[in-house]
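Take a look at the letters that make up each chain.
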Amino acid sequence: MQWSLRCTMTIKSFNLVVKGPKWGVRHVQVLFLFTCATLVVAQRFNMSVAIVAFTNANSSNPNYPEYRLTEPQKSYILSSPFWGSCCTHMMSGYISSRFGAKVMLLAIMLLVALLSIATPFALAWGGWQLLFWVRFVQGLVMGGMWPCLYTHLAKWCPKKEANRMGGVMTTGLDCGTIMGFALSGVLSASPLGWPSTFYVPGYLGIVWCFIFLRYGANSPSESKFISLAERKHIQLALEQNQVIRGAAPPVPWLQILTSRPFIVLAFCKMSQACSFYTMMQQIPRFIHGIFHLSIAMNALLSALPFVVMLMSSYGYIFLAEYLTRRRDISLPMLRKTINSFATWTPAVALVTLSYVSEQNVVGTMFCLIAASGAISGQVIGSSLNHVDLSPNFAGLLIGISTTLMSAAGVISPIIIGLTVTEESDRSQWRIVFLGISVTLFLGNLMYLIFGEMTVQSWNNSPSKETETEASPKTQPAPASAAEETISVERFSYL
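Predicted model, so just to flag it, every value in this text is computed and none were measured.

**Student:** So what's going on with the nonpolar core? Which residues, and what values?
**Tutor:** Burial of nonpolar side chains together is a common tendency in soluble globular proteins. Core analysis: the biggest nonpolar cluster contains 84 residues, and Cys36, Leu105, Met145, Trp146, Leu149, Trp208 and Phe306 have the highest contact counts within it. It is helix α2 (residues 25-55) that provides the largest number of residues to this core, a total of 12 residues. The residues that make up this core include at least three from each of domain 1 (23-237) and domain 2 (259-457). Residues within four places of leucine 149 in sequence aside, it is in contact with Leu33, Cys36, Ala37, Leu105 and Met169.

**Student:** Explain a nonpolar patch on the surface to me, and be specific about the residues and the numbers.
**Tutor:** The grouping of Phe267, Val438, Phe441, Leu442, Leu445, Met446 and Ile449 at the surface amounts to a nonpolar patch, some 610 Å² of accessible area in total. No other element matches the six residues that helix α18 (residues 426-450) contributes to the nonpolar patch. Inspection of the secondary structure assignment puts leucine 442 in helix α18. Note on leucine 442: relative accessible area 43%, which makes it partly exposed.

**Student:** Account for empty space enclosed by the protein, with residues named and values stated.
**Tutor:** Applying the stated criterion to the full structure yields four cavities of 30 Å³ or more. Lining the largest cavity we find 36 residues, and of these Trp146, Leu173, Phe276, Ser383 and Met405 sit closest to its centre. Looking at the lining of the largest cavity, the elements that each hand over two or more residues are α2, α6 (145-156), α7 (162-189), α11 (260-291), α12 (295-325), α15 (378-383) and α17 (394-419). Per element, the largest residue contribution to the lining of the largest cavity is six residues, and it comes from α11. Grouping the constituent residues of the lining of the largest cavity by class yields 20 nonpolar, 13 polar and three charged. Here the lining of the largest cavity spans two domains, and each of domain 1 (23-237) and domain 2 (259-457) adds at least three residues to it.

**Student:** Requested: an account of the side chain of glutamine 272, with residues and values cited.
**Tutor:** On the secondary structure map, glutamine 272 appears in helix α11. Judged by its relative accessible area of 1%, glutamine 272 is buried. Side chain to side chain, glutamine 272 and threonine 343 meet in a polar contact 3.1 Å long. There is a polar contact of 3.4 Å between the side chain of glutamine 272 and the side chain of serine 382. In contact with glutamine 272, not counting residues within four places along its chain, are Asn339, Thr343, Gln378, Ser382 and Leu440.

**Student:** So, α18: which residues are in play, and what are the values?
**Tutor:** Here α18 contains 25 residues, and its C-alpha end-to-end distance of 37 Å stays within 8% of the 36 Å for a straight helix at 1.5 Å per residue. The complete set of buried residues in α18 reads Arg426, Gln428, Trp429, Val432, Phe433, Ile436, Ser437, Leu440, Gly443, Asn444 and Tyr447.

**Student:** Pulling in residues and values, what's your account of the layout of surface pockets?
**Tutor:** Its boundaries defined by the atoms lining it, the second largest pocket holds a volume of some 210 Å³. Surrounding the second largest pocket, 14 residues form its lining, Cys274, Thr278, Ser412, Ile415 and Ile436 being those nearest its centre. Only α11, α17 and α18 provide two or more residues apiece to the lining of the second largest pocket. The dominant element in the lining of the second largest pocket, judged by the number of residues it contributes, is α17, at six residues. Here the lining of the second largest pocket is built from residues that sort into nine nonpolar, five polar and no charged.

**Student:** Would you mind going over the packing of helix α3 (residues 71-85) against α17 in detail, with residue names and values included?
**Tutor:** Closest axis-to-axis distance for the α3/α17 pair is 7 Å, and the angle between their directions is 165°. Our classification of the angle between α3 and α17 gives roughly antiparallel. Our pair here, α3 against α17, has a crossing hand that is left-handed. Contact residues: Ser75, Ser79, Phe82, Trp83 and Ser85 in α3; Ser406, Gly409, Val410, Pro413, Ile414 and Gly417 in α17. Split by residue class, the contact of α3 with α17 holds five nonpolar, six polar and no charged.

**Student:** Break down the environment of alanine 101 for me, with residues and values.
**Tutor:** Checked against the element boundaries, alanine 101 lands in the loop between α4 (89-99) and α5 (102-142). Beyond its immediate sequence surroundings of up to four residues, alanine 101 is in contact with Ser96, Cys148, His152 and Asn218.

Thresholds applied
Residues numbered from 1 in each chain as written. Predicted model: local features only at pLDDT ≥ 70, side-chain atom pairs only at ≥ 80, totals over all residues. Heavy atoms only, no water. Core = buried A, V, L, I, M, F, W, Y, C linked by side-chain atoms within 4.5 Å. Buried < 20%, exposed > 50% of the residue type's maximum accessible area, 1.4 Å probe, protein only. Helix = DSSP H or I, 4+ residues; strand = E, 2+ residues; numbered from the N terminus. Domains from an automatic or database assignment. Contact = heavy atoms within 4.5 Å. Patch = residues over 30% accessible without salt bridge, like charges linked within 9 Å, V, L, I, M, F, W, Y side chains within 5 Å. Areas by Shrake-Rupley, 256 points an atom, 1.4 Å probe, with all protein chains shown as cover. Salt bridge = Lys/Arg side-chain N within 4 Å of Asp/Glu carboxyl O. 1 Å grid on protein atoms, 1.4 Å probe; cavity = no way out; pocket = protein on both sides within 12 Å on 5 of 7 lines; lining within 4 Å. Points joined across faces, edges and corners; volume = space filled by probe spheres on them. Nonpolar A, V, L, I, M, F, W, Y, C, P; charged D, E, K, R; others polar. Polar contact = N/O pair within 3.5 Å; in protein donor to acceptor, adjacent residues only side chain to side chain. Expected span 1.5 Å × (residues − 1). Axes fitted to C-alpha atoms, helices over the stretch in contact; angles between N-to-C directions. Parallel < 35°, antiparallel > 145°, perpendicular 65-115°, else oblique. Left-handed = near helix turned anticlockwise from the far one by under 90°.

Here is the structure:
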């Protein structure tokens, strides 16, 4: 009887390790990453609505100061965070890959929050020039977020849960955009005025820092709150059986920068950034220039496409889970099919948008909603491909890609500012939308032909001071002994 009870308990414990608990600390970490992305993105794109409010007091609360800015000055302010973030993506990916992401995420959120709170004072004291530099420094700090998020995700997320947990994390981008648009418009029209669009997310970011400081951890082995079963489940799923003694493995810079799958992926992400950042930065200007709506209505209509984007993000997550688990579809087929739909659909929508009449509000919003809803699939289609190519250097790869994407975020508003000299001129916006559509088509075409979803050979960069517990280099053990060692390591706690 005692043997039967012990055997039953062992089987249950084994199943718990293999499948993992349904809810655990790894999900809490993903929730932290989601809220981090939401707050930081909200503080990046709230300027798109706020700049309409503080340059036209009649459109919001007239009890707060109004500032006169030219169209080029507006473009410089909107692009300033991307100027800064270009400089820190790669460095952040490198540092977080080697030393962990917790401290960096704390520093990023705290600095972004403090600079957001200081933004209204900068505009009052130094005009648009000081505002540009404050947003530039804020962009420098924000640039480190996405590489850290993917580094942290790679340490906590079993591969079978990557689509679901990675998708949830990146929906913070959609929620942050909605918060940056809708909440900013409501706050600007409220008694708190447009300065509150910077104060509210800033104070929320400070609160996030205190909670993450207590419950965040770089990896399962460092967490104080994780159960033994969940820790073993994550470590076995990620094959974290190496003990690093001494220096970390060197970064294979040459192999990464000459890797054809990664070069194609980076080009694809840069082409997608042109459309995504243009929509997030320019939709409020486009709607205001074409339809001349109030700030509150402008903000709500601007946020509507991103509400659809958020909803469709979860649709893509469930679709990917269904296709991989129930239909056993291959990873390359899944990534390329979803990415094609998520890239070429916005291209078609933007072409259609450029020819919709000025009086057709419904048709205009339908095109914007169709483009935004499709774009959310780019996370599963191509963003998670960085983890496919190299789990060990996922943060660094994201850092390189996001550097190029930020470059697109810098160039895009400047080109648009030079092209669109009159916001109400539909023909000028047509040039912008057609150019973005061509870029999207070429980027995904390259990804379809040359993209790969397998771990690259340079992922396991050799290190002279790295040893494995299961198979030491100096004294190779017989196969049976090695298997016994692994068995003891995996199940000695049962």
